[in-house]
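Observations on the model geometry
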Amino acid sequence: MADRTAGTIYDVGYQRYEGVRLGRRHAIWALYVHSLRGVFGIGRSLSSKVGPMGLAVIAFIPAVFQLGLASIAPVEVEVIRPEGYYHMIEVVLAVFCAVVAPELVGRDQRTQTLSLYFSRALRRQDYALAKFAALVTAMLVITLIPQVIMFIGNALAANNFFDYVRDEWADLPSILGSAVLLSSLVAGIGLVIASQTPRRAYSTVGILAAFILTSIIAGTIFEVADKDVARFALLLSPFHVVEGLALWFFDASADPGTQLAEADFRGVAYAIDAALAALLMLALLLRRYRRISP
Amino acid sequence: MTAAAQERPSGAPSPAATVEAVNVSRWYGNVVAVNDVSFSIGPGITGLLGPNGAGKSTILHMAAGFLRPSKGTVRIGSSPAWRNHEMFRNVGLVLEKEAVYSFLTGYEFVLLSANLCGLSDPEEAARRAVRAIDMEAAQDRRVGGYSKGMKQRLKVAAAIVHDPQILLLDEPFNGTDPGQRLQMMDTLRRMADEGRTILFSSHILDEVEQLAQNVLVIVAGRLVASGDFRAIRRLMTDRPYTFTVSSSDNRQLAVALVADESVFGVELGDEHLTVRTSQFADFTRVAPRIAQARGITLQELLPTDESLESVFSYLVKR
Amino acid sequence: MNATVFALTLRQFARQRRSLLLFGLALVPVAIAIIYRLGEHAHQHEETASFLADIVVTAILPLACLILGTSALGSEIEDGTAVYILAKPVPRRDTIVAKFAASALISAAFVVPATAISGLIGLQGVSGEGIVIGFAIATLVGVFAYTAIFILLSVATSRALLFGLAYVFIWEGLITDLFSGTRYLSVRQYCLGIADLIATVSEEDFEANLGGVEGLVLATVVLAVALVLAVRRLEAFELTGTD
C-alpha cells in the first residue's frame, strides 16, 4: 500500500498534444468550415437540416421551373429572367437569413462558449470574419446556384449550346458579381442584428423586420412624399437595393410603373449603395465583437 | 402507504410499495439508456447510485411521468406514472436542471408551487416549506441572484410544499456546500421518518452512504444490485474481505491466523494487522478463538472495506 | 384555465424586452399612417384598406403573435423551467389555455389598437365605411388563430420559430399567392375575408379572396384544432436529454 502522507501521481495514460500547432489562419479556416456546415445542419440532426435546406430548395424552384419551360418550349423563352430572380426570391432570402444568422452567432452567446473561442489562437475580429464569410458563402449557395442552373438550362435548351454561351457569356460575371454583392449585404445585416442578442426570437424577428418592414415603410414614404426627396428612402430598403443592383448588373431597366422605374436612379447607385452598406455592416459587426464581453 | 416494508426482493409483486418498476427499458434510437430494470421501493430513503450516464436521470424521469418507458411500466402508488399528471398531488419532484424563474423571489417561487398544487392555504404552506429548508433570510430576494446551492434548496422547498408522500430527487445535493448538505439531509431524514418514500439519485458515494438505508445501483442502464449495501457486500463472496485487527501481540497473532485456512493474507503494520479472508462470518467467529487459544488479547476487529465505495467499485468494474 | 399559470405568463412577458419589441412593431403602422397623411390623396378608402391589409395583417399581426406565441410555453420548455408547471396536478388543458389566453391578450393589446389608430389616421376626414372596425375585428380573430397555431408549434417542435416563419412568409406569403386553392389554409386570408365582410366599401376599394363567414368559421376551426392538438402533445410531453 502506498504511503498516505507522500503524494503520488499515477500515470493513467493521459497524453499531451505534441503535434504542430497550426495557428491563427487554420483556426479561422476551421471556424469558417464548421460554421458553414452548421448553417445547413450538416453533421447535425435531421431536424436542423430541414429548415435551411428546405428554404434553399424553395429558392431554386423558379430556376427549375424556367428550366422545365425552356426544355419543352419550341422557341427560346425566358419567363424568369436573371435580373428579376433575386426580387422573386427576396422573401426566401430574408427568411433564410433570419433563421440561420441567429444560429450562427447566437448559439455561441447563448451557451456562453465565446470565451472559449477567444482564448484560442483566434482573435475577436477573426471570429466575426469567419462567421461573416460563412454566412456569405451560404447565401451564395442560394443566390448563385439557381442563376447558374438557369444559364446552363437556357443554353441547353437553345438551338445551339455554344452560340448561346457565346452570345450570353457576359451574364456570367454579372451573375457572380450580383450574387456576391447581394449575399454580403444580406449576410451583413443579418449578423449585425443577430449578434446583438443571444435570444433567437428577438434576432429572428428583428432581421425579418429589417428587411420586410423597411421595404414597406420605404415604399410607403416613396408613394406619399415628394418623389425627389423620397426616392432616397428606397436606398435604405434592402429589398429595393437588391432589386436595383440586379438591374444594373444585368444591364436591364425596371418595368415601367414600378417604384424603381419612378425613382429613376442610375443602376450603379444601387450597387454602390449595397457595397457601402455591406462594408458598414461588416464594420459594425467587427465593432460588436471588439466590445462584446464573452 | 406507511405500512409498506422497507425493502423487498426486486420484481416481486408488492401492491403497497409506492414506487415500482417492472421490466422497464428505455431506448433512444439505438442507444439503450435503461435496460430491463425492476425494483420496488417503499417508505424510507433509497439512493439511486451509478456513474455518470448510467441511466439514473432516465429512471427518475420515467418515475415522474416525464418519459414514456419503451418497455415495461413504472408505477407510482398503484397507477402507471406515464401521462398520470394527477399523481403530483402526492409526488414532489426535483430535477437536475438549474433553471428557475429568476424574476420571482424565493418566497414567490415556492408560493407558485403551492398555488399550482391547489392548496387551501398556499401562503402558509409556502412559509412552512421555506422554513423547512431554512431559507427565510433570503426569501424576499430574487431567485436570479441565488447561489447554486440556494437554488437547489429552493427547488426542494417547492417540491415539498404540498407535503407529498413520495419525493423524487435528481442529484439534489449538486452545488450545495457542506453545511447546506447536512441540513438538507436532516430535512430528508425527518421526512423519511414520517413515513414518506424518498428516491434520490447521486453519483457521490458519501451522500448515499450517509443518507440511504437502501440503494439501487445502476451501471450502464442495468440494475446491478439493490438493497442494504452492507448486505450487498456480503453477497460478493468472490472478493476477499479486509479486517483490521489489533491485539496485545500482533506478530504472534499473525502467525496463528495464517495457519487458518479461511485466511489468505496477513500484513504486519506498526499498530495493527491487516487480514484478508474469504469468509466474512467465519472469520469473525474464528479469530477470537485463535487469539484466546494463544493467550492473546484482541483489542480490535474491524471490517475495513465494508464501505459503499468498495461495493460500488466492485459492481462497476465487474 | 389556470389563473396561476396565466398570471405567471403575464409577468414573464412584462419583464422582458419582448414587450419593447412589440411596442416598436405596433408603432410601425401608426408611423406609416402619419407619413401617409402628409401627402394629398384621392383614394383614401382604397389606400387605407390596402395599407391595413398589406402591412398590419400581413406583417405586424403575424410577427407579434410569433414572438409571443412561440415563447409563451416554448422558452420555458427550452430552458427547463416548464417542469415547475408540468410537475403539478394541473390538467395540461388548463396550462395550454392559460398560456394561450395570456399571449393572445398581450398580442391583441398591441396589435388591435395599432390597427384601429392607424386606420383612423388614414381615414381621417372621410366616412369610415366600417374599414376600421372590420380590420380591428379581423386582427383580433387573427391574434387568436395565429397564437393557437404558434403555441401548438412550440409544444410540438423545438423549432417553432422556423416553422412559424415558414408558415407566415412562405406558405401564406408565396404559396397562397401562387395557388389560390390554398387560401382555405391561410389565417391571413381569413382575416381579410372578415375585414371585407364588415367593411362596406366598394369592390374596387377592397376585395378579399375568401368570404367573411367562411373566414370566421375556418378561423374558429383552426383555433380549436390547434389548441386540442397542443393539449394532446403536452399531455405526452417528454423531457429530452439523458443524464
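Each remark here, short or long, concerns the structure printed above.
Residues numbered from 1 in each chain as written. Chains lettered and ligands numbered in written order. Predicted model: local features only at pLDDT ≥ 70, side-chain atom pairs only at ≥ 80, totals over all residues. Heavy atoms only, no water.

Attention now moves to the pattern of salt bridges. All chains considered together, the criterion is met by 22 salt bridges over all chains. For aspartate 163 of chain B, the salt bridge identified is with arginine 196 of chain B, shortest N-O distance 2.9 Å. Remark: arginine 196 of chain B occurs in the loop between α5 (178–193) and β8 (197–202) and aspartate 163 of chain B occurs in the loop between α4 (148–160) and β7 (166–170); sequence separation between them is 33 residues. By relative accessible area, aspartate 163 of chain B is classed as partly exposed at 44%. The exposure class assigned to arginine 196 of chain B is buried, which follows from its relative accessible area of 9%. The closest approach of N and O atoms between glutamate 194 of chain B and arginine 196 of chain B, which form a salt bridge, is 2.3 Å. Several salt bridges converge on common partners, so that one network encompasses Glu103, Arg107, Arg110 and Arg200 of chain A together with Glu78 of chain C. (Salt bridge = Lys/Arg side-chain N within 4 Å of Asp/Glu carboxyl O. Helix = DSSP H or I, 4+ residues; strand = E, 2+ residues; numbered from the N terminus. Buried < 20%, exposed > 50% of the residue type's maximum accessible area, 1.4 Å probe, protein only.)

Residue and element names in this part refer to chain B. Spatially, 4 strands are ordered β2-β1-β4-β5 in an open sheet, and the strand pairing comes out antiparallel. The sheet is open, and its two edges are formed by β2 (31–41) and β5 (79–80), each paired on a single side. Strand direction decides the pairing type here: strand β1 (residues 19–28) and β2, joined by 7 bridges, are antiparallel. The residue bridging alanine 21 from the neighbouring strand is phenylalanine 39, located in β2. (Pairing = 2+ DSSP bridges.)

Here we come to the packing of helix α3 (residues 44–72) of chain C against helix α8 (residues 160–178) of chain C. Residue and element names in this part refer to chain C. Viewed as axis vectors pointing N to C, α3 and α8 meet at an angle of 165°, and their least axial separation amounts to 10 Å. When the interaxial angle is binned, α3 and α8 end up roughly antiparallel. For the pair α3 and α8, the sense of crossing is right-handed. Residues Thr58, Pro62, Leu63, Leu66 and Thr70 of α3 touch α8, and the partners they reach there are Ala160, Leu161, Gly164, Leu165, Val168 and Phe169. (Axes fitted to C-alpha atoms, helices over the stretch in contact; angles between N-to-C directions. Parallel < 35°, antiparallel > 145°, perpendicular 65-115°, else oblique. Left-handed = near helix turned anticlockwise from the far one by under 90°. Contact = heavy atoms within 4.5 Å.)

A word on the interface of chain A and chain C. Often, the extent of an interface is quoted as the loss of accessible area on bringing the components together. Listed by partner, the interface residues are 26 residues for chain A and 27 residues for chain C. When the two sides are added together, the surface that chain A and chain C hide from each other amounts to roughly 2,400 Å², 80% of it contributed by carbon and sulfur. Sorting the residues of chain A by area buried against chain C places Tyr202, Val205 and Val224 of chain A first, and these three jointly supply 25% of that buried surface. Run the count over chain A and chain C and you get 1 salt bridge. (Buried area = accessible area lost by both parts, 1.4 Å probe.)

Take empty space enclosed by the protein next. The full count for this structure, using the stated rule, is 2 cavities of 30 Å³ or more. If you add up the space inside the largest cavity, you get close to 70 Å³. Taken together, Glu78, Ile80, Pro82, Gln147, Met150, Phe151, Asn154, Tyr164, Glu168, Asp171 and Ile175 of chain A form the lining of the largest cavity. For the lining of the largest cavity, the secondary structure elements donating two or more residues are α6 (124–157), α7 (161–168) and α8 (171–194) of chain A. Counted by class, the lining of the largest cavity contains 6 nonpolar, 2 polar and 3 charged residues. Reported here for the second largest cavity is a volume of approximately 30 Å³. Taken together, Ala21, Val24, Val34, Val37, Phe39, Ile59, Met62 and Val74 of chain B make up the lining of the second largest cavity. Residue assignment for the lining of the second largest cavity shows that the elements contributing at least two residues are β1, β2 and α1 (56–63) of chain B. Here the lining of the second largest cavity takes 3 residues from β2 of chain B, the largest share from any one element. When grouped by side-chain class, the residues that make up the lining of the second largest cavity number 8 nonpolar, no polar and no charged. (1 Å grid on protein atoms, 1.4 Å probe; cavity = no way out; pocket = protein on both sides within 12 Å on 5 of 7 lines; lining within 4 Å. Points joined across faces, edges and corners; volume = space filled by probe spheres on them. Nonpolar A, V, L, I, M, F, W, Y, C, P; charged D, E, K, R; others polar.)

This next bit is on the environment of alanine 73 of chain A. Inspection of the secondary structure assignment puts alanine 73 of chain A in the loop between α2 (46–72) and α3 (82–88). Separated by 19 residues in the primary sequence, alanine 73 of chain A and glycine 54 of chain A place their C-alpha atoms 29 Å from one another.

Within the structure shown, the criterion is met by 21 aromatic pairs over all chains. Here the aromatic rings of phenylalanine 265 of chain A and tyrosine 270 of chain A are separated by 5.8 Å at their centres, their planes lie at 85°, and the arrangement is edge-to-face. Each member of the pair, phenylalanine 265 of chain A together with tyrosine 270 of chain A, is buried. Three or more aromatic residues link up through ring pairs in this structure, and these residues are Tyr117, Phe118, Tyr127 and Tyr289 of chain A. In this structure, arginine 231 of chain A packs its charged tip against the face of phenylalanine 232 of chain A, placed 5.5 Å from the ring centre. Positioned above the aromatic ring of tyrosine 28 of chain B, the side-chain terminus of arginine 26 of chain B is 4.7 Å from the ring centre. (Phe/Tyr/Trp six-rings, centres within 6.5 Å; stacked < 30°, edge-to-face > 60°. Lys NZ or Arg CZ within 6 Å of the ring centre and 35° of its normal.)

Once that is clear, we can look at unusual backbone geometry. Phi is positive for glutamine 112 of chain A, close to 55°, though the residue is something other than glycine. On the secondary structure map, glutamine 112 of chain A appears in the loop between α4 (90–110) and α5 (114–118).

Let us now look at the sheet that holds strand β6 (residues 91–94) of chain B. All names here are of chain B. Pairing within the open sheet is mixed, and its 6 strands lie in the order β6-β7-β8-β3-β9-β10. The open sheet has two edge strands with one neighbour each: β6 and β10 (222–227). Sheet twist, expressed as the average angle between the axes of neighbouring strands with direction ignored, equals 15°. Pairing of strand β3 (residues 44–49) with strand β9 (residues 214–219) involves 4 bridges; the strand directions are parallel. Residue pairing for β9: threonine 46 is matched across the bridge by asparagine 214. In this fold α1 packs onto β3, β7, β8 and β9, with an angle of close to 150° to the strand it touches most, β7. The sheet contacts of α4 involve β6 and β7, and relative to β6 the element is tilted by about 165°.

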